[in-house]
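Next come the chains, spelled out residue by residue.
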Amino acid sequence: GAGVSQTPSNKVTEKGKYVELRCDPISGHTALYWYRQSLGQGPEFLIYFQGTGAADDSGLPNDRFFAVRPEGSVSTLKIQRTERGDSAVYLCASSSSGGADGTQYFGPGTRLLVL
Amino acid sequence: DQQVKQNSPSLSVQEGRISILNCDYTNSMFDYFLWYKKYPAEGPTFLISISSIKDKNEDGRFTVFLNKSAKHLSLHIVPSQPGDSAVYFCAASATGGTSYGKLTFGQGTILTVHP
């Protein structure tokens, strides 16, 4: 079946602009995670959804970052007033369950470059 | 602070030999550990996992060893193949509390397998 897909694959924007990054999880997966990976680092947790609700948003760096999952499937990560430090690869993962032993399957990521 | 550490940024191995990738963690709440492999421009791909109730888990050429007292785990690949060349990430999660399975990753180790 289809894996996790993310669009766009690349996004270049100017400092101060607004961007939206989209994630389509594996069909039927109720758990969805967003991570951010900076150059030379491992992915860092941003937010977790179980169904439509954000169960844990403790990883969001500040209030410029927001994510939604209105119908419990597709999720959108929104970044307002982008800064150069937001440049990174944004990864989405889904899991059939939200438990710690639920394997997370990752999408290819969106490479965001803020000029 | 880095709760999951991969102290070797890179490892070079001859085809057919064993590759050993190491990972240390500091958070005693972690009780589930995973290894992911990542090729350029792709998302991380799940390889193998281990629960803290075990000290070894094997899947084909891949074996993960867990030493809880030392807070150390390792991934063994035998025999190594050129197609194994990738970045390997160690990740950990906690089943208790409100972790919801969010993963904490190490910085990654670049494995190069030479023909």
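What comes next is a walk through the structure.

Rules behind the numbers
Residues numbered from 1 in each chain as written. Chains lettered and ligands numbered in written order. Predicted model: local features only at pLDDT ≥ 70, side-chain atom pairs only at ≥ 80, totals over all residues. Heavy atoms only, no water. Helix = DSSP H or I, 4+ residues; strand = E, 2+ residues; numbered from the N terminus. Rg over C-alpha atoms; globule rule 2.2 N^0.38 Å. Buried < 20%, exposed > 50% of the residue type's maximum accessible area, 1.4 Å probe, protein only. Contact = heavy atoms within 4.5 Å. Areas by Shrake-Rupley, 256 points an atom, 1.4 Å probe, with all protein chains shown as cover. Lys, Arg positive; Asp, Glu negative; His and termini not counted. Charge placed at Lys NZ, Arg CZ, Asp CG, Glu CD. Phe/Tyr/Trp six-rings, centres within 6.5 Å; stacked < 30°, edge-to-face > 60°. Salt bridge = Lys/Arg side-chain N within 4 Å of Asp/Glu carboxyl O. Polar contact = N/O pair within 3.5 Å; in protein donor to acceptor, adjacent residues only side chain to side chain. Nonpolar A, V, L, I, M, F, W, Y, C, P; charged D, E, K, R; others polar. Pairing = 2+ DSSP bridges. Axes fitted to C-alpha atoms, helices over the stretch in contact; angles between N-to-C directions.

1. Quick word on the overall build of chain B
Turning to step 1, where the next piece is worked out: A tally of regular secondary structure across chain B gives zero helices and 11 strands.
Turning to step 2, where the next piece is worked out: Helices (α) and strands (β) of chain B occur, in sequence order from the N terminus, as β-β-β-β-β-β-β-β-β-β-β.
Turning to step 3, where the next piece is worked out: For 115 residues, the compact-globule estimate of 2.2 N^0.38 gives 13 Å, and chain B sits close to it at 14 Å.
Turning to step 4, where the next piece is worked out: When its C-alpha atoms are laid out on the principal axes, chain B stretches across 45 × 30 × 20 Å.
Turning to step 5, where the next piece is worked out: When the 115 residues of chain B are sorted by exposure, 44% land in the buried category.
Turning to step 6, where the next piece is worked out: Counted over contacts in chain B with a minimum sequence separation of 6, partners at least 24 positions apart contribute 55%.
Turning to step 7, where the next piece is worked out: Accessible surface computed for chain B: about 5,400 Å², of which carbon and sulfur atoms make up 51%.
Turning to step 8, where the next piece is worked out: Here chain B contributes 10 positively and 9 negatively charged side chains, and the mean placements of these two sets differ by 3 Å.

2. Quick word on the overall build of chain A
Turning to step 1, where the next piece is worked out: For chain A, the helix and strand inventory stands at zero helices and 11 strands.
Turning to step 2, where the next piece is worked out: Its helices and strands in sequence order give chain A the pattern β-β-β-β-β-β-β-β-β-β-β, from N to C terminus.
Turning to step 3, where the next piece is worked out: For 115 residues, the compact-globule estimate of 2.2 N^0.38 gives 13 Å, and the C-alpha radius of gyration of chain A, at 13 Å, lies within 12% of that figure.
Turning to step 4, where the next piece is worked out: Oriented by its inertia axes, the alpha-carbon framework of chain A measures out at about 35 × 25 × 25 Å.
Turning to step 5, where the next piece is worked out: Out of the 115 residues belonging to chain A, those deemed buried represent 47%.
Turning to step 6, where the next piece is worked out: Taking as baseline every contact in chain A between residues at least 6 positions apart, the subset at least 24 positions apart corresponds to 54%.
Turning to step 7, where the next piece is worked out: For chain A, the computed accessible surface area is about 5,300 Å², with 48% contributed by carbon and sulfur atoms.
Turning to step 8, where the next piece is worked out: Put simply, chain A has 11 plus and 11 minus side-chain charges, and the middle of one group is 8 Å from the middle of the other.

3. Some points on the packing of aromatic side chains
Turning to step 1, where the next piece is worked out: In total, this model carries 12 aromatic pairs over all chains according to the counting rule given.
Turning to step 2, where the next piece is worked out: Between Tyr25 of chain B and Phe33 of chain B, the aromatic rings sit 4.7 Å apart at their centres with planes inclined by 40°, giving tilted as the arrangement.
Turning to step 3, where the next piece is worked out: Take Tyr25 of chain B: its relative accessible area is 6%, and that puts it in the buried class.
Turning to step 4, where the next piece is worked out: Classification of Phe33 of chain B by relative accessible area gives buried; the value is 1%.
Turning to step 5, where the next piece is worked out: Taking 5.9 Å as the distance between ring centres and 70° as the angle between the ring planes, the aromatic pair formed by Tyr36 of chain B and Phe46 of chain B counts as edge-to-face. You can see Tyr36 of chain B sitting in strand β4 (residues 32–38) and its partner Phe46 of chain B sitting in strand β5 (residues 45–51), a full 10 residues away along the chain.
Turning to step 6, where the next piece is worked out: Using a relative accessible area of 0% as the deciding quantity, one classes Tyr36 of chain B as buried.
Turning to step 7, where the next piece is worked out: By way of ring pairs, the aromatic residues Tyr33, Tyr35, Phe45, Tyr48 and Phe106 of chain A together with Tyr36, Phe46, Phe89 and Phe105 of chain B are connected into one cluster.

4. Concerning the interface of chain A and chain B
Turning to step 1, where the next piece is worked out: Residue-level contacts link 23 residues of chain A with 21 residues of chain B.
Turning to step 2, where the next piece is worked out: Seen at the junction of chain A and chain B, the total is one salt bridge.
Turning to step 3, where the next piece is worked out: Close ionic contact of Lys102 of chain B with Asp56 of chain A constitutes a salt bridge, the shortest N to O distance being 3.3 Å.
Turning to step 4, where the next piece is worked out: At the junction of chain A and chain B, the tally comes to four residue pairs in polar contact (both at pLDDT 80 or more).
Turning to step 5, where the next piece is worked out: When contributions to the side of chain A that touches chain B are tallied by element, the ones reaching two or more residues are β4 (31–37), β5 (44–50) and β6 (53–56) of chain A.
Turning to step 6, where the next piece is worked out: Examining the composition of the side of chain A that touches chain B, we find that three residues originate from one element, β4 of chain A, more than from any other.
Turning to step 7, where the next piece is worked out: For the side of chain A that touches chain B, the per-class residue count stands at 10 nonpolar, 10 polar and three charged.

5. What to know about the sheet that holds strand β3 (residues 19–24) of chain A
All names here are of chain A.
Turning to step 1, where the next piece is worked out: One open sheet holds the four strands; their spatial order is β1-β3-β8-β7, and the pairing between them is antiparallel. A single partner strand is all that each edge strand has here, and the edge strands are β1 (5–7) and β7 (65–68). With direction set aside, neighbouring strand axes in the sheet form an average angle of 15°.
Turning to step 2, where the next piece is worked out: Where β3 lies against strand β8 (residues 75–79), five bridges are found, and the strand directions are antiparallel. Its bridge partner being in β8, Glu20 is matched across the sheet by Lys78.

Everything listed is a geometric property; what it means functionally is a separate question.
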